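# Overview (structure and organization)
The chain contents come next:
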Amino acid sequence: MKTKTILLTGGAGYIGSHVLRQLGERGETVVTLDNLSTGFREAVTSGELVVGDTGDEALLESLFAKYDIDTVMHFAAHTVVPESVARPLKYYLNNTANSRTLLDVANRHGVRHVVFSSTAAVYGILATGKADESTETSPINPYGTSKLMTEWMLRDLADAGGPSYVSLRYFNVAGCEPSGTIGQSTPNATLLVKVACEAAVGRRPHVSIFGTDYPTPDGTGLRDYIHVEDLASAHLAALDYLRGGGTSTILNCGYGHGYSVRDVLRAVEHANKAPLVIREEARRAGDPPELVAVADRIRQTLDWSPRFDNLDVIVETALAWERKIAARDPTAYWAA
Ligand code: UD1
């Protein structure tokens with residue numbers, strides 16, 4: 001009997017590649033679809049890679065004809081918030097319209113489960129700084145809106161008899177797989193941990209703190225940083241949940257506590273055993289002071305135990321990968 005196949009989109013990217021590696025370790029049969037626009041072929045460590053777009057209906061039809069796919073794990077997306085503000089239609093095409101095409105083909109071929117890569121950006125600016133899954137969604141940028149619309153498509157399709165789904169709303173994902181096989185190589189990174197580690201290894205002259213006058217304990221922004229390996233294992237737990245008959249749901253992915261920008265920079269300095277060149281700058285447009293998950297539902301719903309809920313570990317694994325890139329280690333890959 002042929003084993004059922006998982007179609008994983010975006011498996012050459014940062015989060016998709018970490019999920020793919022864990023699926024491979026567990027012996028799952030996976031085919032990755034990625035257009036390599038920002039991802040890396042070398043990050044696809046398990047199964048076959050098909051290079052193409054999630055919006056390519058003919059290609060999707062051929063994949064569903066060739067493989068016995070019963071689950072889709074959907075990561076492929078544009079993810080740069082400021083770019084989404086400047087080029088909204090690029091985001092609505094890739095993140096929303098192409099997701100619709102994928103769901104349409106998947107549904108026609110009888111796919112039973114979908115695990116979707118969503119974001120805390122669906123919440124927008126929070127009055128309290130904390131969000132649970134019933135907090136009103138009010139995205140403040142097209143990136144968040146483009147993801148929220150896909151959540152809605154999944155909800156409505158499930159209500160109409162389509163696949164059951166779990167939408168995972170990621171908070172601030174950081175760190176890398178601890179053995180250093182794969183990591184985050186996104187070109188022109190803007191995320192704090194990555195940027196700080198690039199500064200630590202001399203690939204940037206300094207790191208900026210965007211805003212020191214927030215109403216937070218040390219005046220800098222507070223975020224819920226989750227290690228990418230824990231985020232990845234949440235996807236496998238979501239898969240098991242759906243296979244076991246779990247009903248469709250939305251889950252925050254965070255640890256439920258926040259760290260400030262200064263906390264993160266201190267952890268990088270500690271891991272690197274050297275001070276960073278830090279510039280204090282004005283607030284970045286659109287940044288909420290605090291964005292932290294109420295993370296009870298995921299623990300109640302999934303069989304998931306985080307293993308890396310520790311800022312030092314998050315930063316150490318991110319820094320180790322950055323050192324590899326900076327040294328042009330042949331076992332790493334990097335942006336050209
Ligand atoms: C990220 C996600 C967003 C998600 C949010 C959840 C992406 C592109 N963004 O955004 O979708 O909703 O997490 O919490 O994945 N900072 C600096 N200096 C820097 C960079 C950042 O001070 O060089 C500060 C920011 O002002 C913020 C914090 O660090 O306070 C985190 O910023 P960043 O890593 O860019 O992530 P978010 O903007 O929170």
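Our structure's up above, just so we're on the same page.
What this report covers is the structure whose coordinates are included nearby. Just so it is clear, the model here is predicted, and its values are computed rather than measured. (Residues numbered from 1 in each chain as written. Predicted model: local features only at pLDDT ≥ 70, side-chain atom pairs only at ≥ 80, totals over all residues. Heavy atoms only, no water.)

### Here's the deal with the overall build of the chain
Counting its secondary structure elements, the chain contains 10 helices and 15 strands. For 336 residues, the compact-globule estimate of 2.2 N^0.38 gives 20 Å, and the C-alpha radius of gyration of the chain, at 19 Å, lies within 12% of that figure. Expressed as a percentage of the 336 residues in the chain, the buried residues total 55%. (Helix = DSSP H or I, 4+ residues; strand = E, 2+ residues; numbered from the N terminus. Rg over C-alpha atoms; globule rule 2.2 N^0.38 Å. Buried < 20%, exposed > 50% of the residue type's maximum accessible area, 1.4 Å probe, protein only.)

### Side note on helix H1 (residues 14-25)
Here H1 spans 17 Å end to end across 12 residues, near enough to the 16 Å set by a 1.5 Å rise per residue. Burial analysis of H1 places 10 of its 12 residues in the buried class, the great majority of the element. Residues of H1 that are buried sit in contact with strand E1 (5-9), strand E2 (29-34), strand E4 (69-74), strand E7 (164-170), strand E8 (172-174) and helix H7 (228-243). Looking at the residues trailing H1, positive phi occurs at glycine 27, about 85 degrees. (Expected span 1.5 Å × (residues − 1). Contact = heavy atoms within 4.5 Å.)

### Description of the side chain of glutamate 151
Position of glutamate 151 relative to the elements: it lies in helix H5 (residues 142-159). At a separation of 2.6 Å, a polar atom in the side chain of glutamate 151 contacts the side chain of arginine 169. Sequence-distant contacts of glutamate 151, defined by excluding residues within four places in its chain, comprise Phe116, Ser118, Val122, Ser167, Arg169 and Ile250. (Polar contact = N/O pair within 3.5 Å; in protein donor to acceptor, adjacent residues only side chain to side chain.)

### A look at the nonpolar core
If you look at the biggest cluster of nonpolar residues, it comprises 59 residues, and the most contacted ones within it are Ile15, Val19 and Leu23. Here this core gets 10 residues from one element, more than from any other, and that element is H7. With residues near it in sequence (within four places) discarded, isoleucine 15 still touches Phe75, Tyr170, Val173, Val228 and Leu231. Ranked by size, the runner-up nonpolar core spans 21 residues in total, among them Val50, Ile69, Val105 and Phe116. (Core = buried A, V, L, I, M, F, W, Y, C linked by side-chain atoms within 4.5 Å.)

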